[in-house]
Amino acid sequence: DLFLLLDDLFNELCDTHAFVRFSTLRVLAERACREHILSHGSVGFEEITLDEIYGQIERDYRIPKEILSRLREREKELELHFSRPRQSGRALLELARELGKRVILCSDIYLPKNLILAILKKHGYPTDGLYLSSETRLSKAGGGMFPYVQRALGVSANRILHIGDNWESDVLAPARAGWR
């Protein structure tokens, strides 16, 4: 839905009289980018980045870089603006902190780390580490994120408790890696 908010800006920047749904182009480009990068691109990559998505838009639709730069920045602004804290997640984080646990965050997301840090700061979420698939190029869904994080932390798998909201990525995949 957030992409729909980019439609008017796109049409304004392109000075077009015919309404073009940038939101549709954005979804199609992300799909094409995933296909290209993950199936034919760099070996071992399990995730794409926002910059790669916008690069795909430029290649597929020949939209000028200046326009795409404005749209990409607006997309990031909207992500920050519309982000909301999940109260159940906050309660779990506070409980872990009270128990003296180290809290790290892992996410399958194409957004850049500086944006995620801004969102966390906006909502007052402290963290002892942040691992993003857009940075590591490994994902929870693909399973590569878990051994990466484990090595980075220097702890055994059975010392990590993973909490999330996706059955495959947050329950089954970490269990296969030995996480609880």
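See the structure shown above.
All figures in this text were calculated on a predicted structure; none of them were measured in a lab.

Details of the overall build of the protein chain
Consideration 1: In terms of helices and strands, the protein chain carries nine helices and two strands.
Consideration 2: If you list the helices and strands of the protein chain from N to C, you get α-α-α-α-α-β-α-β-α-α-α.
Consideration 3: In terms of principal-axis extent, the alpha carbons of the protein chain reach across some 60 × 35 × 25 Å.
Consideration 4: Every one of the 180 residues in the protein chain was classed for burial, and the buried ones make up 40%.
Consideration 5: Pairs at least 24 apart in sequence give 59% of the contacts found in the protein chain among residues at least 6 apart.
Consideration 6: Here the protein chain has roughly 10,600 Å² of accessible surface; of this, 53% comes from carbon and sulfur atoms.
Consideration 7: Distance between charge centres in the protein chain, computed from 26 positive and 26 negative side chains, equals 6 Å.

Focus on the layout of surface pockets
Consideration 1: Considering only enclosed or pocket space, the largest pocket measures out at about 1,900 Å³ in volume.
Consideration 2: Taken together, 45 residues make up the lining of the largest pocket; nearest its centre are I104, L105, C106, I163 and G164.
Consideration 3: Those elements that place two or more of their residues in the lining of the largest pocket are α5 (87–98), β1 (105–107), α6 (113–122), β2 (130–132) and α9 (167–176).
Consideration 4: Take the lining of the largest pocket: its biggest share by element is seven residues, from α5.
Consideration 5: Of the residues in the lining of the largest pocket, the class split is 24 nonpolar, nine polar and 12 charged.

Analysis parameters
Residues numbered from 1 in each chain as written. Predicted model: local features only at pLDDT ≥ 70, side-chain atom pairs only at ≥ 80, totals over all residues. Heavy atoms only, no water. Helix = DSSP H or I, 4+ residues; strand = E, 2+ residues; numbered from the N terminus. Buried < 20%, exposed > 50% of the residue type's maximum accessible area, 1.4 Å probe, protein only. Contact = heavy atoms within 4.5 Å. Areas by Shrake-Rupley, 256 points an atom, 1.4 Å probe, with all protein chains shown as cover. Lys, Arg positive; Asp, Glu negative; His and termini not counted. Charge placed at Lys NZ, Arg CZ, Asp CG, Glu CD. 1 Å grid on protein atoms, 1.4 Å probe; cavity = no way out; pocket = protein on both sides within 12 Å on 5 of 7 lines; lining within 4 Å. Points joined across faces, edges and corners; volume = space filled by probe spheres on them. Nonpolar A, V, L, I, M, F, W, Y, C, P; charged D, E, K, R; others polar.

That is the geometry; function is a separate question.
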